[in-house]
Amino acid sequence: MNKPDIKYLFEPKNIAVIGASSRPGKIGYTIVENIVGEGFTGTVYPINPGGGEILGLTMIRDIELIEEDIDVAVISIPAAAVYDAVVKCARKHVKFLTIISSGFSEVGDLEEERRIVRLARENGMRILGPNIFGHYSARVSLNATFGPRNIRAGNVAIVTQSGALGIAMIGKTAVQNIGLSAIISVGNKGDIDEADLLEYLIKQDETKIILMYIEGIQQGERLVRVLKLATRVKPVVVIKSGRSKRGAVAAASHTGSLAGTDEIFDAVMRQCGVLRAESVQEALEWCRYLSATQLPSGLNTVIVTNGGGVGVMATDACEKYNVPLFSDHGRLQATFESVTPGFGSTKNPIDLTGQASGVEYRLALEKALADPDIHAVLALYCETSMMSADQLSDLIRSVYQEYKLKRKPVLFSIFGGVITEQTITDLNREAIPVYRDVYEAVSCLGAQFSYYRHQTANAVPETAIPINPGLINEIILAARKDNRQFLLADEGQAVLNEAGLVLPKSGIARSIHDAVTLADSLGYPVVMKVVSRDILHKSDVGGVLLDLENREEVLDGYQTIIHNCKAFRPNVLIEGIEIVEQIPPGMEVIIGGRRDRAFGPILMFGLGGIYVEVMKDVSFRALPLNRSQIRSMIKETRSYPLLLGVRGEARKDIDEIVEVMVKVGTILEACPDIADIEINPLMVFEQGQGVKPVDVRIMLTEN
Ligand code: COA
């Protein structure tokens, strides 16, 4: 059945409350009280089988007795009675149900939750929840929650998975002078999830910023698509709990064990241009700042201070939050020379020293405003007898207005006694960005710059290479018939060949005699590797030998490998020994791709070889990706300078790494049966000399 437009949830013309109670203190009473008290612009229908009255409204005994069509029904009755109430709503063709009741999947009763969602969907209804505190929408003054009343209307929309935290955020935002356009509790996300709500909030003019508190994600691929659209038009701030390491990913591969759920979440959010806050407090500060300021026209930042110490602290903070300080010294000197004493500094920070009066301080800020190459200003102030704290609020107020008119961000961080503290409180009430702590100020500017960078990044067309998934799928089918969830070496090689990647020449020896014949035919030196489905990480058990220069070394090597593997596990099944053409030394990197449970296909790059799990120097992105995004993934790793060449070494062939990543990404996207594909190592040679995949492992999805 067709789904109703999500607009009706936010802008209903009427709302029914099933479980309205005339007994104050009950949730069913508070919800009606909030709807009426907040001044909902539509009609409220309290429903209670016992009849009676609530706040001057007559209770209706049954929703089906209402003549009008109903846009939203809030359901606040015990879980066991919810299904029957939903049946009635279906008969009445209600569009949206917001189910407050707890007692479903969050306590293990997934079946009942699914039964209700199924019924709703079959009848063209959508469900918010269950297990929610409700929703608020400023556009129609609807407070259908059992949280606090008198919500401050404004331009921040909050979508929260946590109920208690969400209710607390209503109060907290009011204290912090943050106005809300909407707050929605998503609870168990039985039907409606963040992506559905974002689709509305993206288009809604009142909403300037979206803040999401997320605990878990079910349909990550869809969320990523919607988030990418959202961040094109407005900033999205996310708080996600569960930063702890290593989620539930099975460590069947390096990519798998390195891809803790939080690392992937973090990487994917950055990729979408979402701003991830460390804490609720930081998120709210960002929202408050971003909702009151325009994007700058560049990133050149200048610190103006009357105190050297705070200037240094601000410089540290700028480094931490990736805020670039304008460093054209000639230009800075020309701009600020006339207002800086000889013993001050016109290098950034501009240190006017403690001697500066309000007049000089203001002049310096006006000069920064007039300079078109300065794009943002951090104004620091320490209370001194030279600059009276009494005049400070007027000075800040008027400087802020001038900057606002010219759309140039200015953030103040001020330190001092009682009057300074009062100044901060007063100015914050007027939505002027004034902070007690310089780190707080710079963190806000850093968030804005991060959003600016995302907005201005060049969009390059998506990348893919032509491959024939049909051939790959035949290989996969053969493995499935063989009851395997992984591909053998020759099958992996065939998959790579399809994408134009060639592994070193090789063959499998089943006897010591075979080994010598094969090595002779490949040419020396060779590498020998055990072939066994019992051994996943061959190097770890001594199943790989390098640099075998002649027949004698191959004969010895064969016996050594058999001995090592039996020592690892006496009854190990050895299918043979692979003899492989030896690749000249290069820099070893790892390219991985896996199908993440939340986000679908993702790509990994890192420093590779046997040290990969120790170094953990990896980066992730969700597919699809273009070449410039892949390049930025590579740049993000700590070992990137090694690829550029250190201590006189030549630069490595980064372009060719990018090409291999494009190919791995294409394979993963084209073949949904592949769960995990990993080239490790990919040997990288000097610029222009290319790369060589040395080994590949491919795992299949569960059938
Ligand atoms: N249609 C309409 N009204 C009904 C009804 C129905 N099918 N069945 C019962 N009612 C009435 C009841 O008679 C009662 O009214 P009354 O006070 O006049 O007698 C009212 O609805 C509420 O039912 P009651 O049985 O008293 O439940 P309750 O108010 O104690 O609890 C919930 C209901 C939903 C609040 C409770 O079950 C619950 O889930 N609480 C947790 C909510 C929560 O924390 N959500 C997540 C927040 S993040």
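Residues numbered from 1 in each chain as written. Predicted model: local features only at pLDDT ≥ 70, side-chain atom pairs only at ≥ 80, totals over all residues. Heavy atoms only, no water.

K.L.:
Give a detailed account of unusual backbone geometry, specifying residues and quantitative values.
P.N.:
Residue asparagine 348 is joined to proline 349 through a cis peptide bond whose omega torsion reads 5°. Mapped onto the secondary structure, proline 349 falls in the loop between helix H12 (329–336) and strand S16 (350–351). Cis geometry is adopted by the peptide bond preceding proline 624, which originates at leucine 623 and carries an omega value of 0°. Mapped onto the secondary structure, proline 624 falls in the loop between strand S26 (618–622) and helix H22 (627–635). If you check the backbone angles, alanine 431 has positive phi at about 65° while not being a glycine. Relative to the elements of secondary structure, alanine 431 occurs in the loop between helix H15 (418–429) and strand S19 (434–435). Looking at alanine 431, the relative accessible area reads 36%, which means it is partly exposed. (Helix = DSSP H or I, 4+ residues; strand = E, 2+ residues; numbered from the N terminus. Buried < 20%, exposed > 50% of the residue type's maximum accessible area, 1.4 Å probe, protein only.)

K.L.:
Summarise the sheet that holds strand S20 (residues 506–509); cite the residues concerned and give the values.
P.N.:
If you walk across this open sheet you meet the four strands as S20-S23-S21-S22, and the pairing is antiparallel. Strands at the two margins of the open sheet, each flanked by one partner only, are S20 and strand S22 (544–548). Pairwise comparison of adjacent strand axes, ignoring direction, gives a mean angle of 20° for this sheet. Where S20 lies against strand S23 (residues 576–581), four bridges are found, and the strand directions are antiparallel. Across the sheet, the residue bridging to glycine 507 is isoleucine 579, located in S23. Across the sheet, helix H19 (residues 512–522) is in contact with S20, strand S21 (526–531) and S23; its angle to S20 comes to roughly 170°. (Pairing = 2+ DSSP bridges. Axes fitted to C-alpha atoms, helices over the stretch in contact; angles between N-to-C directions. Contact = heavy atoms within 4.5 Å.)

K.L.:
Please provide a residue-by-residue account of the environment of asparagine 123, values included.
P.N.:
Tracing the backbone through its elements, the reader meets asparagine 123 in the loop between helix H4 (110–122) and strand S7 (126–128). Relative accessible area serves as the criterion here: at 29%, asparagine 123 is assigned to the partly exposed category. Spatially, the C-alpha atom of asparagine 123 lies 10.0 Å from that of valine 86, the residues being 37 residues apart in sequence. Setting aside residues no more than four positions away along its own chain, asparagine 123 makes contact with Met1 and Ala90.

K.L.:
A description of the site of the ligand should follow, citing residues and the corresponding values.
P.N.:
Taken together, 20 residues are adjacent to the ligand, and Ser21, Arg23, Lys26, Asn48 and Ser102 come closest. Within the side chain of arginine 23, a nitrogen or oxygen atom sits 2.7 Å from an oxygen atom of the ligand. The separation between an oxygen atom of the ligand and a polar side-chain atom of lysine 26 is 2.3 Å. (Near = heavy atom within 4 Å. Polar contact = N/O pair within 3.5 Å; in protein donor to acceptor, adjacent residues only side chain to side chain.)

K.L.:
Which residues make up the environment of tyrosine 403, and what are the values?
P.N.:
Residue position: tyrosine 403 is located in helix H14 (residues 389–405). In sequence terms tyrosine 403 and lysine 7 are 396 residues apart; their C-alpha atoms lie 37 Å from each other. Excluding residues within four positions of it along the chain, tyrosine 403 makes contact with Leu365, Ala368, Leu369, Val377, Lys408, Pro409 and Val410.

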